Amino acid sequence: MQRSGRTDFKVREEIEELLNRAEHWDAVAEQKDGQPRQQALQLIDKLEGEGSL
């Protein structure tokens, strides 16, 4: 930090921005991965319902 001339405040802002981006992309990935899983669970429920008739 001292060599780059950056202040603690600027570094803190950059770290917070990177963490926000990481949280955003983690949420996007969770939604993307969650949709097929939800569809699979619904299909299993449907098949189990048909199987118990």
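### Some remarks on the overall build of the protein
Secondary structure assignment for the protein yields one helix and zero strands. Within the protein, the fraction of its 53 residues that count as buried is 2%. Of the roughly 5,300 Å² of accessible surface on the protein, a fraction of 53% belongs to carbon and sulfur atoms.

### Some points on the pattern of salt bridges
Summed over all chains, the structure comprises one salt bridge. Arg-21 is paired through a salt bridge with Glu-17; the nearest N and O atoms lie 3.2 Å apart. Taken together, the residues span about one helical turn, with Arg-21 and Glu-17 both in helix 1 (residues 8–51) at a distance of four residues. For Arg-21, a relative accessible area of 48% gives the class partly exposed.

Cut-offs and rules
- Residues numbered from 1 in each chain as written.
- Predicted model: local features only at pLDDT ≥ 70, side-chain atom pairs only at ≥ 80, totals over all residues.
- Heavy atoms only, no water.
- Helix = DSSP H or I, 4+ residues; strand = E, 2+ residues; numbered from the N terminus.
- Buried < 20%, exposed > 50% of the residue type's maximum accessible area, 1.4 Å probe, protein only.
- Areas by Shrake-Rupley, 256 points an atom, 1.4 Å probe, with all protein chains shown as cover.
- Salt bridge = Lys/Arg side-chain N within 4 Å of Asp/Glu carboxyl O.

So, to be careful, I would describe these as geometric facts and stop short of saying anything about function.
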